[in-house]
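Reading the structure
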Amino acid sequence: MAKKLRAGIVGGTGMVGQRFVQLLDNHPWFEVTAIAASPGSAGKTYEEAVRNRWKMSSPIPEQVKHIVVQDASKVEEVASNVDFVFCAVEMKKEEIKALEEAYAKTGTPVVSNNSAHRWTPDVPMVIPEINPDHLEVIATQRKRLGTSTGFIAVKPNCSIQSYVPALHVLQAFKPAKVVVSTYQAISGAGKNFTDWPEMLDNVIPYIGGEEEKSEQEPLRIWGRVKNGEIVKASEPVITSQCIRVPVTDGHLATIFVAFDNKPTKEQIMESWQQYRGRPQELGLPNAPKQFITYFEENDRPQTKLDRNIENGMGVSVGRLREDTLYDYKFIGLSHNTLRGAAGGAVLIAELLKAEGYIQAK
């Protein structure tokens, strides 16, 4: 077996960082060799740093328990022990931008779970099954940063992955107008019910910044590469509402869509069933075999029953029917901390490795 690539996790003690630790345990291509966090955690073993705040359902992997947490701000020190890093820090946006660029300038690829660089023109924001071609802007980004091997790639907002894949597969029919409402789990805020008892028996009809992300980020995903930058698409026009609901994991969406070229229901179903993306072609370790699964039952997909489909990396849809105001309406569901967060970032890293962007130093 080929030697595994050395992965670092910057921001490894938070909820998303913990999910990275869990997902990378026994990964066939990657091995965690460094974990970095705030100065308050630096110098402790990982087990000590997350004691009493480990949020995953499985125990802390033995392989990482005794890794000594490093100070994330000591970039050269952390970068010297890894081939690439995942980044999931909680800092101000400008601070995150600077930190990620500092890592990239050491020649270290950065796969980011953060939103800071999602609109940097030469940083690819990727759903691997949808826009792997956006990786070509990395060449331009490397020139800007003055590195031959380092770069930043980011994953998009977690909630858009409950509906963007289903719409993407229908691009041939030219979706023109979309109304979407997302019903988002509390883990999307890095919380559980112990941390956030106010969410029990409650719904909050506001999540800061989510509606703008839901309306604009899909257009960047569907954008085109021009002169080393990503130019966002102009259609479809999307309007959204984003709602926090008392669910642990899983973002569900209701979608209404009007097309320029209205497909039949059978064409939509066939498109969803048959779609394969680059991760499926390459057989990446975390790629779902079936990217989009359609449920015939009237009461599916359900968050609790279906969020873990394809190990949490698949997207579920259901209740496709014609609408009185739009052409069609349907339900979408994705796992927000797997497909939508750490799992999606691991899949991006797998794609980058398979395409030759991440290599051993």
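Scroll up to find the structure this text is about.
Reference entry: report on the structure contained in this document. All chains use their own residue numbering, which begins from 1 and follows the written sequence. Residues qualify for local features only when their pLDDT is at least 70, as the model is predicted, and side-chain atom pairs are given and counted only at 80 or more; totals for whole chains, interfaces and linings, by contrast, use all residues. The side-chain numbers reported here are obtained from all heavy atoms of the structure, hydrogens and water having been left aside.

Quick look at the nonpolar core now. In summary, soluble globular proteins display a tendency toward joint burial of nonpolar side chains. By size, the foremost hydrophobic cluster in this structure holds 53 residues, and its most contacted members are Tyr103, Trp272 and Phe330. If we ignore the near neighbours within four places in the chain, the residues touching phenylalanine 330 are Ala166, Leu167, Ala253, Thr254, Ile255, Val257, Trp272, Val317, Gly318, Arg319, Leu320 and Arg321. In these notes, a set of buried Ala, Val, Leu, Ile, Met, Phe, Trp, Tyr and Cys residues joined through side-chain atoms within 4.5 Å is what counts as a nonpolar core. Only protein chains enter the accessibility calculation, which uses a 1.4 Å probe; a residue whose area is less than 20% of its type maximum is buried, one above 50% is exposed, and one in between is partly exposed. Val21, Ala49, Ile60 and Ala287 belong to the second-largest nonpolar core, a separate cluster that totals 41 residues. What makes two residues a contact is simply this: any of their non-hydrogen atoms within 4.5 Å.

Turning to the sheet that holds strand 11 (residues 251-259), a few remarks are in order. What holds strands together in a sheet is hydrogen bonding between their backbones, with the strands either parallel or antiparallel. By definition, two strands form a pair when at least two bridges between them are found by DSSP. Working definition: helices are DSSP H or I runs of at least four residues, strands are E runs of at least two. Numbering for both runs from the N terminus. The mixed open sheet is built from six strands, whose spatial order is 10-7-11-14-13-12. The open sheet has two edge strands, strand 10 (237-244) and strand 12 (292-295), and neither has a second partner. Put simply, the sheet's adjacent strands are angled 20 degrees from each other on average, direction ignored. As defined by bridge partners, strand 7 (residues 175-184) adjoins strand 10 across eight bridges and the pair is classed as parallel. When the bridges of strand 10 are listed, valine 179 appears paired with threonine 239. Lines are fitted to the C-alpha atoms to define the axes, a helix being fitted only along its stretch in contact, and any angle between axes, read from their N-to-C directions, falls within 0 to 180 degrees. This element, helix 8 (residues 210-221), spans strand 7 and strand 10 of the sheet and lies at about 145 degrees to strand 10. Of the strands in this sheet, strand 12, strand 13 (315-322) and strand 14 (328-334) are in contact with helix 9 (residues 265-274), which crosses strand 13 at around 175 degrees.

The complete set of buried residues in helix 6 (residues 138-145) reads Ile138, Gln141, Arg142 and Leu145. With its buried residues spanning 100 degrees around the axis, helix 6 presents them on a single face. Among the structural elements, helix 5 (93-105), strand 6 (151-154) and helix 12 (342-354) are those in contact with the buried residues of helix 6. Looking one or two residues beyond helix 6, the residue adopting positive phi is glycine 146, at roughly 75 degrees. Throughout, the arc means that of the directions going from the helix axis to the C-beta atoms.

Here we come to the pattern of salt bridges. A pairing counts as a salt bridge when a side-chain nitrogen of Lys or Arg comes within 4 Å of a carboxyl oxygen of Asp or Glu. What the rule picks out here adds up to 14 salt bridges. Residue lysine 65 pairs with glutamate 62 through a salt bridge whose shortest N-O separation is 2.8 Å. In this pair, lysine 65 and glutamate 62 are both assigned in helix 3 (residues 62-65), three residues apart and thus about one turn of the helix distant. Since its relative accessible area comes to 56%, glutamate 62 is described here as exposed. With its nearest N and O atoms 3.2 Å apart, the salt bridge here joins glutamate 281 to arginine 278. Of this pair, glutamate 281 and arginine 278 both sit in helix 10 (residues 278-282), three residues apart, which is roughly one turn of the helix. Overlapping salt bridges bring together Glu47, Glu62 and Lys65 as one network.

Turning to helix 9, its buried residues are Ile268, Ser271 and Trp272. Buried residues in helix 9, looked at end-on, bunch into an arc of 95 degrees, giving them a common side. Residues of helix 9 that are exposed and point over 90 degrees away from its buried face: Glu266 and Gln274.

Owing to a relative accessible area of 17%, lysine 65 belongs among the buried residues under this scheme. Polar side-chain contacts of lysine 65 include one of 2.8 Å to the side chain of glutamate 62. Within 3.5 Å is the distance limit for a polar contact, defined as a pair of N or O atoms, with the added protein rule that one can donate a hydrogen and the other accept it, and that residues adjacent in sequence qualify only through two side-chain atoms.

Looking now at the pairing of strand 4 (residues 84-87). Strand residues, when the strand is regular, have side chains that alternate between the two faces of the sheet. Burial along strand 4 is two-sided: Phe84 and Phe86 facing one way and Val85 and Cys87 facing the other are all buried. With four bridges joining them, strand 1 (residues 5-10) and strand 4 adopt parallel strand pairing. Pairing of glycine 8 across the sheet is with valine 85, part of strand 4. Where strand 4 meets strand 5 (residues 109-112), three bridges bridge the pair, whose relative direction is parallel. Paired with cysteine 87 across the strands is serine 112, a residue of strand 5. A crossover links strand 4 with its parallel partner strand 5, the connecting element being helix 5, and its sense is right-handed. Clockwise travel from the first strand over the helix to the second, with the strands pointing away from the viewer, marks a crossover as right-handed.

So, about the sheet that holds strand 6. Ordered by their spatial adjacency, six strands build an open sheet running 3-2-1-4-5-6, and the pairing between neighbours is parallel. In this open sheet, the two edge strands, each paired with only one partner strand, are strand 3 (70-71) and strand 6.

As a further point, take the packing of aromatic side chains. Any Phe, Tyr or Trp ring, taking Trp's six-membered ring, that has another such ring centre within 6.5 Å forms a pair; planes under 30 degrees apart are called stacked, those over 60 apart edge-to-face, and the others tilted. Within the structure shown, the criterion is met by ten aromatic pairs. A centroid spacing of 6.4 Å and a plane angle of 80 degrees characterise the contact between tryptophan 29 and phenylalanine 30, whose relative ring orientation is edge-to-face. Taking relative accessible area as the criterion, tryptophan 29 reaches 22% and is therefore assigned partly exposed. When the ring of tryptophan 272 is compared with that of tyrosine 294, the centres are 5.8 Å apart and the planes differ by 25 degrees; the resulting orientation is stacked. Remark: tyrosine 294 occurs in strand 12 and tryptophan 272 occurs in helix 9; sequence separation between them is 22 residues. The burial state of tryptophan 272 is the same as that of tyrosine 294; both residues are buried. Three or more aromatic residues joined by ring pairs make a cluster, and in this case those are Phe20, Trp29, Phe30, Phe84 and Phe86.

On to the packing of helix 1 (residues 15-24) against helix 12, then. At a minimum axis separation of 9 Å, helix 1 and helix 12 run at an interaxial angle of 55 degrees. By the angle between their directions, the pair helix 1 and helix 12 is classed as oblique. Considering only the axes of helix 1 and helix 12, their crossing is right-handed. Seen from helix 1, the contacting residues are Val16, Arg19, Phe20, Leu23 and Leu24; seen from helix 12, they are Ala342, Gly343, Ala345 and Val346. Here is the rule for angles: anything less than 35 degrees is roughly parallel, anything more than 145 is roughly antiparallel, 65 through 115 is roughly perpendicular, and the remaining ranges are oblique. In this scheme, a crossing is called left-handed if the near helix is turned counterclockwise away from the far one by less than a right angle; it is called right-handed if the turn is clockwise.

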